[in-house]
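Residue strings, one per chain:
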Amino acid sequence: MSNVVDNIVKTWTNYHHLFIQGLGVTIVLSIITVIMGSIFGFLLMLLRRSRFNIFRFRPLNFIAATYIEIIRGTPMLLQLYFFYFLLPELLPFLDLSKVTCCVVAMCVNSAAYVSEVFRSGIEAVDKGQTEAARSLGLDSRQTMIHVVLPQAIKNVLPALCNEFIMMIKDTSLASTFFVGELMSVYRTVSGILFLTIEPLIIVGIIYFIVTFVLSKFVRLLEMKLTVA
Amino acid sequence: MEDKKLTIKDGEEIIRVEGLEKSFGKLHVLKGIDQVIRKGEVVSVIGSSGGGKSTFLRCLNLLETPEKGKIYFEGVDITDKNVDINLHRQKMGMVFQHFNVFPNLTVEGNITLAPTLLKKKTKEEAKVMAAELLKRVGLYEKKDAYPQQLSGGQKQRLAIVRALAMEPDVMLFDEPTSALDPEMVGEVLNVIKELVKTGLTTVIVTHEMGFAREISDRVLFMDGGIIVEEGTPEQVFGNPQNERTKEFLSKVLY
């Protein structure tokens, strides 16, 4: 047992720069994913809510709903594989790096979840708010921008932060392709030292500290928003 | 469409409703309403819950889409799909049972939002007007507060001046005091009373019978999706003709 502790200490002292670097990559990947996913997810939500129809059939709505169902109904690891192999095939002239392929896959995944976060955030705003705005003569776009969205943000912000926390953990799946995030670092260090458990514990502690601190922050944010 | 600016004089018709019908699923809520509201008139709509009063009112500015029938506002058929309803809604203020003030905006912001956004006023003009309106209803000190710091009665007074800020030709009140604590009903009714004195055309759905009797030029009694009886307050409250009106009034006036 003391052997394990010794090894952990030794691993950390010798390779902490790698772990910290890996954490950096994890966080950067997560931030990019959540930001891009939010933008894409917002657009997806607009499609999902669009009233455009041809004889009552809403094509935009249908496309968005299908997309969301497929993404939520398949494993993210599968989606990573899919884009990892598909993108270079589709766009050989772009010479995409494997990190880019992984980021695209994660954004595609995140957008589906985030669009539902946006949708429920908007639908949680009391219908009376829309009615009041429309009764004043505002059109649906003005109502959305000036009345509904500012209120929806309050509902959405904590959920978006949670999505970010989820992403920090989910980026570990990208280690399948050695993109340099924390879990990839584990595989590297583990390979160098021929140790399995010790670096795993280090990586686990790092993940835990980051997500724990962030989730406490989200709780605080939630409390702030419900008071305001 | 807007070039023929017609002015409607007092006593001339401002809203005309013809054969209005509305269902929610299998529930036939309005079963054919014909009604003319004249400029300067104060019309109260009374009746038991589920009689279609609110739905009727909400059809007037198309918050509910009628299934059958036509609604003319200032001579224009607003049920016509080609009409820009937003333009007409600007001239029809509405006050809701649950206030529906915007919690993300200050008291002043609630009032100035629509006039500035819809280019009726500059930001400065709108603020001047908001100040005047707030003084009128005794809320000027709350100008920079947010709605959550207001009482129910204050919220409803704010909702009223928010609608007035668009300088509407008609005001629609949908049970404006039903969600209020009893001690706050008076302050809101007083504001409405002051308002109708200015000659603004008003349609009000209410359960406050004494109030309806006092302020109305005409009272409509609705039951089962139709207007069962209408007349002056003296006629409807004093000498109701229809059995259902009599039964309703005997239950609410005691």
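Everything below is about the structure printed above this text.
Residues numbered from 1 in each chain as written. Chains lettered and ligands numbered in written order. Predicted model: local features only at pLDDT ≥ 70, side-chain atom pairs only at ≥ 80, totals over all residues. Heavy atoms only, no water.

A. Structural detail: the packing of aromatic side chains. All chains considered together, the criterion is met by 11 aromatic pairs over all chains. Geometrically, the ring pair formed by A:Trp12 and A:Phe19 is stacked, given 6.0 Å between the ring centres and 20° between the ring planes. Between B:Phe221 and B:Phe248, the ring centres sit 5.2 Å apart and the planes meet at 40°, which makes this aromatic pair tilted. Within this pair, whereas B:Phe221 is found in strand β9 (residues 218-223), its partner B:Phe248 is found in helix α9 (residues 243-252), the two being separated by 27 residues in sequence. For B:Phe248, a relative accessible area of 11% gives the class buried. These aromatic residues form a ring-pair network of at least three members: A:Tyr81, A:Tyr84, A:Phe85 and A:Phe177. One residue, B:Lys135, lies across the ring of B:Tyr140, its end atom 4.8 Å from the ring centre. When the ring centre of B:Phe102 is taken as reference, the NZ or CZ atom of B:Arg162 above it lies at 4.4 Å. (Phe/Tyr/Trp six-rings, centres within 6.5 Å; stacked < 30°, edge-to-face > 60°. Helix = DSSP H or I, 4+ residues; strand = E, 2+ residues; numbered from the N terminus. Buried < 20%, exposed > 50% of the residue type's maximum accessible area, 1.4 Å probe, protein only. Lys NZ or Arg CZ within 6 Å of the ring centre and 35° of its normal.)

B. Just the state of the cysteines, in detail. This model, assessed by the stated rule, comprises zero disulfides over all chains. With no disulfide of its own, A:Cys101 lies 6.9 Å from the sulfur of A:Cys102, the closest cysteine sulfur. (Disulfide = S-S within 2.5 Å.)

C. Structural detail: the sheet that holds strand β5 (residues 76-77) of chain B. All names here are of chain B. Here we have four strands laid out as an open sheet, ordered β2-β1-β4-β5, and antiparallel in their pairing. The two strands at the open ends of the sheet, each matched to only one other strand, are β2 (27-38) and β5. For strand β1 (residues 13-24) and strand β4 (residues 68-73), the ladder comprises five bridges, and the chain directions are antiparallel. Among the inter-strand pairings, Ile-15 is bridged to a residue of β4, identified as Phe-73. Helix α1 (residues 53-60) contacts β1, β2 and β4 of the sheet and is inclined by roughly 125° relative to β1. (Pairing = 2+ DSSP bridges. Contact = heavy atoms within 4.5 Å. Axes fitted to C-alpha atoms, helices over the stretch in contact; angles between N-to-C directions.)

D. Spotlight on the interface of chain A and chain B. Taken together, the contacts link 19 residues of chain A with 22 residues of chain B. At the junction of chain A with chain B, the criterion picks out one salt bridge. In this structure, the connection of chain A to chain B is made through six residue pairs in polar contact (both at pLDDT 80 or more). Among the secondary structure elements, those contributing two or more residues to the side of chain A that touches chain B are α5 (127-135) and α6 (140-170) of chain A. In terms of residue count, α5(A) provides more of the side of chain A that touches chain B than any other element does, seven residues in total. Taken together, the residues of the side of chain A that touches chain B sort by class into eight nonpolar, seven polar and four charged. (Salt bridge = Lys/Arg side-chain N within 4 Å of Asp/Glu carboxyl O. Polar contact = N/O pair within 3.5 Å; in protein donor to acceptor, adjacent residues only side chain to side chain. Nonpolar A, V, L, I, M, F, W, Y, C, P; charged D, E, K, R; others polar.)

E. Summary view of the layout of surface pockets. Taken as a whole, the largest pocket spans an internal volume of roughly 1,400 Å³. What lines the largest pocket is a set of 36 residues, and nearest its centre among them are A:Arg51, A:Lys127, A:Thr130, A:Arg134 and A:Ser140. If you list the elements that add at least two residues to the lining of the largest pocket, you get α1 (2-49), α4 (98-123), α5 and α6 of chain A together with α2 (85-89) of chain B. For the lining of the largest pocket, the leading source of residues is α6(A), giving seven residues. Residue composition of the lining of the largest pocket, grouped by class: 15 nonpolar, six polar and 15 charged. (1 Å grid on protein atoms, 1.4 Å probe; cavity = no way out; pocket = protein on both sides within 12 Å on 5 of 7 lines; lining within 4 Å. Points joined across faces, edges and corners; volume = space filled by probe spheres on them.)

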